[in-house]
Amino acid sequence: MIFLAVYHRKRRKTSRGEVERRALICYTKADESEAIMKKIKYMAVVLATGLLLAGCEEDETQNNKDAYRQIGINCMQEGDYEGAIDAFQNALDQSLAVVGEEEIDTCYYKAAAQYAAGKKEDAIETYQALINYDKKNAQAYFLLGELYRKENDMDKAKENFNLAAQYAGSDYEMYIALYQECYAAGMQTEGQEYLKKGIEAGGKSAEDYAQRGRIYLLLGDYDNAETELTTAINKKSTEASLYMAQLYEVKGEDEKAAGLYKEYIDENQDNPTALICLGGMELEKGNYDSAINYLKMALDLDAGSQKQEAQRNLILAYEQSGDFTSAKSEMEDYTKNYPNDEEAAREYLFLMTR
């Protein structure tokens with residue numbers, strides 16, 4: 001049963017002062033006896049004690065909810081998707097019909113676990129419950145569309161992607177994610193239309209200019225990209241420097257690109273994108289030690305979808321530097337993570353002979 005078929009309300013904590021006010025509200029006559037006043041004060045103490053116990057129960061419920069949620073995340077990381085589903089449902093059961101950001105986020109986890117467990121219809125039902133709760137939930141539409149895209153149901157995928165774009169507002173990451181999903185499905189034209197909708201979102205902040213520049217870069221409109229990114233940099237956007245470095249790299253201005261990447265990394269050493277880009281440039285220039293350093297730094301972080309690229313380049317850097325032992329060790333891990341990479345499998349056989 002999907003838990004979101006409930007109403008949304010906020011728990012309202014009642015202070016001790018409020019309890020006493022309620023207990024004393026009936027005391028309207030100045031000539032009431034002292035005995036009545038004592039009784040009222042006693043009632044206030046009883047009520048306050050009850051609220052204290054209720055507060056302890058609330059704390060215990062929150063702790064249980066957090067614990068179940070963490071168990072679910074751990075199960076997903078271990079590939080135990082059935083266990084994850086049960087844990088996330090237990091976390092939701094603690095909410096007692098109260099829906100907040102944590103419950104909604106837990107539902108996203110639950111839907112992902114359901115799909116990973118092969119329970120496609122259950123995952124669809126969970127996403128649909130999120131949409132029924134909030135008809136303008138762009139994230140839920142996007143994830144439901146992504147599910148249909150993976151199932152090659154492109155009509156339903158596009159239907160949900162269009163709704164995600166409709167309610168995305170100024171969420172530039174959403175437009176870019178929609179573009180990437182369409183690109184993965186071979187629908188480049190549709191993907192570009194989503195990017196154009198992102199440009200139309202408008203806005204005059206440094207972040208707005210930076211994200212528009214990023215979108216123009218994806219569209220291949222380098223002149224407008226440079227204009228937007230320059231404005232963003234002048235407005236002190238740190239991210240714009242990263243996108244400008246990518247623009248210089250695409251235009252073949254490697255020295256400018258490398259300089260900006262290094263400058264960005266000096267201030268943001270926890271960004272895997274910049275580290276991977278700079279590592280790739282160093283690899284191409286034959287600076288293998290520097291490439292290895294940057295790529296290892298990226299892999300120590302959460303490189304996400306870029307992890308495969310980083311690990312592949314790291315293997316190449318080791319190999320080109322003559323460190324075949326490290327290359328072989330890294331390749332063993334790579335082939336476990338990406339068993340369908342036939343080229344890597346052949347490369348592994350080569351390294352086994354070195």
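Just above, that's the structure.
Residues numbered from 1 in each chain as written. Predicted model: local features only at pLDDT ≥ 70, side-chain atom pairs only at ≥ 80, totals over all residues. Heavy atoms only, no water.

(A) Region of the structure containing the overall build of the protein. Broken down by element type, the protein carries 18 helices and 0 strands. Looking at the protein as a whole, 41% of its 354 residues qualify as buried. As displayed, the protein has an accessible area near 19900 Å², and 47% of this comes from carbon and sulfur atoms. (Helix = DSSP H or I, 4+ residues; strand = E, 2+ residues; numbered from the N terminus. Buried < 20%, exposed > 50% of the residue type's maximum accessible area, 1.4 Å probe, protein only. Areas by Shrake-Rupley, 256 points an atom, 1.4 Å probe, with all protein chains shown as cover.)

(B) Structural view of helix α5 (residues 120-133). In this model α5 runs 20 Å from its N-terminal to its C-terminal C-alpha over 14 residues, within 8% of the 20 Å that 1.5 Å per residue would give. Inspection of α5 places Ala123, Ile124, Thr126, Tyr127, Ala129, Leu130 and Ile131 among the buried residues, and these make up the whole buried set. (Expected span 1.5 Å × (residues − 1).)

(C) Here's a closer look at the side chain of Asn313. Summarising the element assignment, Asn313 is placed in helix α16 (residues 307-321). With residues up to four places along the chain from it excluded, the contact list for Asn313 reads Gly280, Leu283 and Leu295. (Contact = heavy atoms within 4.5 Å.)

(D) Just unusual backbone geometry, in detail. The backbone phi angle of Asn152 is positive, close to 60 degrees, even though this residue is not glycine. The topology assignment puts Asn152 in the loop between α6 (138-150) and α7 (154-166). Looking at Asn152, the relative accessible area reads 66%, which means it is exposed.

(E) Layout of the pattern of salt bridges. Tallied over the entire structure, the rule returns 11 salt bridges. Across the pair Arg69 and Asp105 runs a salt bridge, and its minimum N-O distance is 2.6 Å. In this pair, Arg69 is assigned in helix α2 (residues 34-77) and Asp105 in helix α4 (residues 101-116), connecting sequence segments 36 residues apart. Its relative accessible area of 16% is what places Arg69 among the buried residues. (Salt bridge = Lys/Arg side-chain N within 4 Å of Asp/Glu carboxyl O.)

(F) Layout of the packing of helix α14 (residues 272-284) against α16. Packing of α14 against α16 leaves a shortest axis separation of 10 Å and a crossing angle of 25 degrees. In terms of orientation, α14 and α16 fall into the roughly parallel class. Every pair of crossing elements has a handedness; the one defined by α14 and α16 is left-handed. Where α14 approaches α16, its residues Ile276, Gly280 and Leu283 are matched on the opposing element by Glu309, Ala310, Asn313, Leu316 and Ala317. The residue makeup of the contact of α14 with α16, split by class, is 5 nonpolar, 2 polar and 1 charged. (Axes fitted to C-alpha atoms, helices over the stretch in contact; angles between N-to-C directions. Parallel < 35°, antiparallel > 145°, perpendicular 65-115°, else oblique. Left-handed = near helix turned anticlockwise from the far one by under 90°. Nonpolar A, V, L, I, M, F, W, Y, C, P; charged D, E, K, R; others polar.)

(G) Main features of the packing of helix α15 (residues 288-300) against α16. Look at α15 against α16: their axes get within 9 Å of each other, and the N-to-C directions meet at 150 degrees. With respect to α16, the element α15 is oriented roughly antiparallel. Crossing geometry of α15 relative to α16 is assigned as left-handed. Contact residues: α15 offers Tyr288, Ala291, Ile292, Leu295, Lys296 and Leu299, while α16 offers Lys307, Ala310, Gln311, Asn313, Leu314, Ala317, Tyr318, Gln320 and Ser321.

(H) Fine view of the packing of aromatic side chains. According to the stated counting rule, one finds 4 aromatic pairs in the structure shown. Look at Tyr141 and Tyr167: their rings are 6.0 Å apart centre to centre, the planes differ by 20 degrees, and that puts the pair in the stacked class. Of this pair, Tyr141 sits in helix α6 while Tyr167 sits in the loop between α7 and α8 (172-184), and the two are 26 residues apart along the sequence. Residue Tyr141 is classed as buried on the basis of its relative accessible area, which comes to 7%. Owing to a relative accessible area of 29%, Tyr167 belongs among the partly exposed residues under this scheme. Taking 6.0 Å as the distance between ring centres and 45 degrees as the angle between the ring planes, the aromatic pair formed by Tyr179 and Tyr183 counts as tilted. Linking Tyr179 with Tyr183, this pair stays in helix α8, spanning 4 residues, or about one helical turn. (Phe/Tyr/Trp six-rings, centres within 6.5 Å; stacked < 30°, edge-to-face > 60°.)

(I) Representation of α16 in the model. Taking 1.5 Å per residue, 15 residues should reach 21 Å; α16 reaches 21 Å between its end C-alpha atoms and fits that length. For α16, the set of buried residues is Ala310, Gln311, Arg312, Asn313, Leu314, Ile315, Ala317, Tyr318 and Glu319. One or two residues past the end of α16 sits Gly322, with phi positive at roughly 90 degrees.

(J) Examining the environment of Ala298 more closely. Summarising the element assignment, Ala298 is placed in helix α15. Sequence-wise, Ala298 and Ala274 are 24 residues apart; in three dimensions their C-alpha atoms are separated by 8.5 Å.

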